[in-house]
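Overview (structure and organization)
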Amino acid sequence: MAESKKGMRKGLTSYGDEEFSLFLRKAFIKAGGYSEDTLELPVVGIANTYSEYNPCHGNAPELVAAIKRGVMFAGGLPIEFPTISLHESFAHPTSMFLRNLMAMDTEEMIRAQPMDAVVLIGGCDKTVPAQLMAAASVNMPAISVVSGPMLSGTHGAERVGACTDCRRLWGLHRAGEIDKEEINEISGRLIPTVGFCGVMGTASTMACLTETLGMMLPGGATIPAVHADRMRHAEAAGRRAVEIAAEGLTPDKIMTPESIANALRVLMAVGGSTNAIVHMTAVAGRLGIKVDLEAFDRMGRETPVLVDLKPSGENYMDDFHKAGGLRVVLREIRHLLNLNCLTVTGKTLGEEIDAAPEPWPQTVVRTVDKPVSRSGGIVVLRGNLAPGGAIFKQSAAAEDLKRHTGRAVVFDSLEDLAARIDDPDLEVSPQDILVLRNAGPKGAPGMPEAGYIPIPRKLAQQGIKDMVRISDARMSGTAFGSIVLHVCPEAAIGGPLALVRTGDLIRLDVPERVLELRVTDEELERRRAAWKPSVSSEGARGYHKLHLEHVQQADEGCDLDFMTRRPYVAATPKVKA
Ligand code: FES
């Protein structure tokens, strides 16, 4: 980096006179009381995603203070700036619709403002993916700090935590086993502290994947949001940010096909969220790296699930942290990892694993000899219903439904689902397969987490807890059930899901990786001739229009087509067929 382009001299505003631009910039920032000497220091930007709409980032002000401390101790000038902040429950129609906007905002604010490195404060589901996408595109030295998981709470004698228990207990309320008074009381127990959801949902998964990628200091994924260690971690990240600015350690040296393969491996080993596949595909796509779903599926067959956490297991993130956190997992599967990958510390992943504390007796992270399950939690299905692939989280599914043929009961949209799912006259049996369509990237829009289709109330009241459900939507990483997701291509652009009719037979065979609509090709062609698209960008405006016209399918990470790097320059993971 040329000397003249460092710190406050970077990216000067265009007035046609660079010295004047610098003079004016300094004049304005001196309103904050900065001295001339201070303004000569390397600048570390801090992307502050605090928002009162985002309790998952409720500790961001404390994190900013700790990061600033670290930056200043290392001789840098910290400057915080706001970006879009997204919380799952405060984003309409769904936070996924806005992930690409946050990525774009973060990228442009990093690019537009003078900084030599950036610390990205993420946490809630879409924030970390958006920030990694931005970091990949802008390719400036960057380091991730997450808010950290919330602590678990209690309801009576029972331990609870967002949001697996939110869904489980709401299911009991729907079934009439929990009354209105108790469910209201529970809503005050589920989330006892700030921080992201304390199970292996999308936020926890993305935190673990970011640490594995090497974009976060070691140990940072699992420290609870309210622990003092979380602030020490943030301080250390601030210090390190000054160093990577000087070293020119850019994200493209860290996020490579090999480190992304490591992240996908860890996704399997922690029993992580299905959403992380879409997000990692989007991050990789920014670097021109294609995530090969077939190879990912093969990787799952040879990767044991080691972490016993909800929604697939029993424990919470605070237990995972007490057990030693992600480094215990990395050590256990080190023979399956690319150990030469560089991390943001300047050391390789292998060196960092070697430097991790010795393990101690615990029951949350299993050994490869005694795993939670011998093969990965997530599989990729193919067939005439999902020529572009579909995802199934087998670790969260009922064993007897993994090979199942049933009659389709089709819902045309989220509105149709809401209107009819609890209708006492709905013709449905526990052996049927619930199908929801027009809930994909374009269809909903934004591919909401609607794949966790509720069990029809009349069946729930009979004690039915699981059914096969299929959609082009996503599912919260905190949810569970025999659920086929991300059916690709989606119904709204004419994928075969658009052609299914109530009464058709569908075959799901997870061991064989098959999702098949048992309707003849001739009949499907007849139906296709009569099909009409359900969405159009006509009449849409602003970001909504941009999204409808440019969002890609799940197998491309649902990124906007003009934000990705194409053609692809590499594919990952590399796993033998
Ligand atoms: Fe923010 Fe779950 S709602 S992580």
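Residues numbered from 1 in each chain as written. Predicted model: local features only at pLDDT ≥ 70, side-chain atom pairs only at ≥ 80, totals over all residues. Heavy atoms only, no water.

Concerning the overall build of the protein chain
Counting its regular elements, the protein chain contains 19 helices and 16 strands. The C-alpha radius of gyration of the protein chain comes to 24 Å, within 12% of the 25 Å expected for a compact globule of 577 residues. Its C-alpha atoms put the protein chain at 75 × 55 × 55 Å along the principal axes. Expressed as a percentage of contacts within the protein chain between residues at least 6 apart in sequence, the contacts between residues at least 24 apart total 75%. Accessible surface computed for the protein chain: about 22,200 Å², of which carbon and sulfur atoms make up 53%. (Helix = DSSP H or I, 4+ residues; strand = E, 2+ residues; numbered from the N terminus. Rg over C-alpha atoms; globule rule 2.2 N^0.38 Å. Contact = heavy atoms within 4.5 Å. Areas by Shrake-Rupley, 256 points an atom, 1.4 Å probe, with all protein chains shown as cover.)

Examining the pairing of strand E9 (residues 390-393)
Residues Ala390 and Phe392 line one face of E9 and the alternating positions Ile391 and Lys393 line the opposite face, and both faces are buried. For strand E8 (residues 378-381) and E9, the ladder comprises four bridges, and the chain directions are antiparallel. Counted as the bridge partner of Val380 is Ile391 from E9. Taken together, the two bridges between E9 and strand E13 (residues 483-485) define a ladder with antiparallel strand orientation. Bridging from a neighbouring strand, Ile391 pairs with Leu485 of E13. (Buried < 20%, exposed > 50% of the residue type's maximum accessible area, 1.4 Å probe, protein only. Pairing = 2+ DSSP bridges.)

Quick notes on unusual backbone geometry
Leaving glycine aside, a negative phi is the common case for residues, and trans is the common case for peptide bonds. Across the junction of Ala162 and Cys163, the peptide omega takes the value -10 degrees, indicating a cis bond. Within the fold, Cys163 resides in the loop between strand E6 (158-160) and helix H5 (164-174). Put simply, Cys488 and Pro489 share a cis peptide bond, and its omega is 0 degrees. On the secondary structure map, Pro489 appears in the loop between E13 and strand E14 (505-509). A positive phi angle, close to 50 degrees, is found at Met447, a residue other than glycine. Checked against the element boundaries, Met447 lands in the loop between strand E11 (433-436) and helix H17 (457-460). Despite not being glycine, Arg513 has its phi angle at roughly 65 degrees, a positive value.

Looking at the sheet that holds strand E12 (residues 468-471)
By definition, the strands of a sheet pair up through backbone hydrogen bonds, in either a parallel or an antiparallel sense. Here we have eight strands laid out as an open sheet, ordered E8-E9-E13-E12-E11-E10-E14-E15, and mixed in their pairing. Two strands bound the open sheet, and with one partner strand each, they are E8 and strand E15 (514-517). Each strand of the sheet is rotated relative to its neighbour by a mean of 25 degrees, with strand direction disregarded. Of the pairings in the sheet, the one linking E12 to E13 comprises two bridges and is parallel in character. Each bridged residue has a counterpart across the sheet, and for Arg469 the counterpart in E13 is Ile483. (Axes fitted to C-alpha atoms, helices over the stretch in contact; angles between N-to-C directions.)

A closer look at the side chain of Ser95
Within the element layout of this structure, Ser95 appears in helix H3 (residues 95-112). Assessed through its relative accessible area of 1%, Ser95 is described here as buried. In contact with Ser95, other than residues within four places in its own chain, are Leu86, His87, Glu88 and Lys126.

Considering the layout of surface pockets
The space that makes up the second largest pocket amounts to roughly 280 Å³. Lining the second largest pocket we find 21 residues, and of these His321, Gly324, Arg327, Pro357 and Trp360 sit closest to its centre. Of all the secondary-structure elements, those providing two or more residues to the lining of the second largest pocket are helix H8 (228-247), helix H13 (317-322) and helix H14 (326-332). With four residues, the top contributor of residues to the lining of the second largest pocket is H14. Taken together, the residues that form the lining of the second largest pocket break down as nine nonpolar, six polar and six charged. (1 Å grid on protein atoms, 1.4 Å probe; cavity = no way out; pocket = protein on both sides within 12 Å on 5 of 7 lines; lining within 4 Å. Points joined across faces, edges and corners; volume = space filled by probe spheres on them. Nonpolar A, V, L, I, M, F, W, Y, C, P; charged D, E, K, R; others polar.)

A look at the state of the cysteines
Inspection of the entire model under this criterion finds one disulfide. Paired by a disulfide, Cys163 and Cys166 hold their sulfur atoms 2.3 Å apart. Between Cys163 and Cys166, the S-S torsion sits near -90 degrees, and that sign places the bridge as left-handed. With respect to burial, Cys163 and Cys166 carry one shared label: buried. (Disulfide = S-S within 2.5 Å.)

Observations concerning the nonpolar core
By size, the foremost hydrophobic cluster in this structure holds 108 residues, and its most contacted members are Phe320 and Val329. A total of eight residues in this core trace back to one element, the largest contributor, which is helix H10 (residues 257-269). Every residue in contact with Val329, bar those within four places of it in the chain, is listed here: Ala269, Val270, Leu306, Val307, Phe320 and Val365. If you look at the next biggest cluster of nonpolar residues, it comprises 28 residues, including Ala386, Ala390, Leu508 and Leu515. (Core = buried A, V, L, I, M, F, W, Y, C linked by side-chain atoms within 4.5 Å.)

Remarks on the pairing of strand E4 (residues 142-146)
Most of E4 sits out of view: five of its five residues are buried. Side-chain alternation along E4 places Ala142, Ser144 and Val146 on one buried face and Ile143 and Val145 on a second face that is also buried. Here strand E3 (residues 117-122) pairs with E4 via five bridges, running parallel. When the bridges of E4 are listed, Leu120 appears paired with Ser144. Viewed along the sheet, the connection from E3 through helix H4 (residues 127-138) into E4 turns out right-handed. (Right-handed = clockwise from strand over helix to strand, strands pointing away.)

Overview of the side chain of Lys310
Along the polypeptide, Lys310 turns up in the loop between helix H12 (293-301) and H13. The contacts of Lys310, once residues within four sequence positions are left out, are Thr164, Asp165, Val199, Met200, Asn315 and Tyr316.

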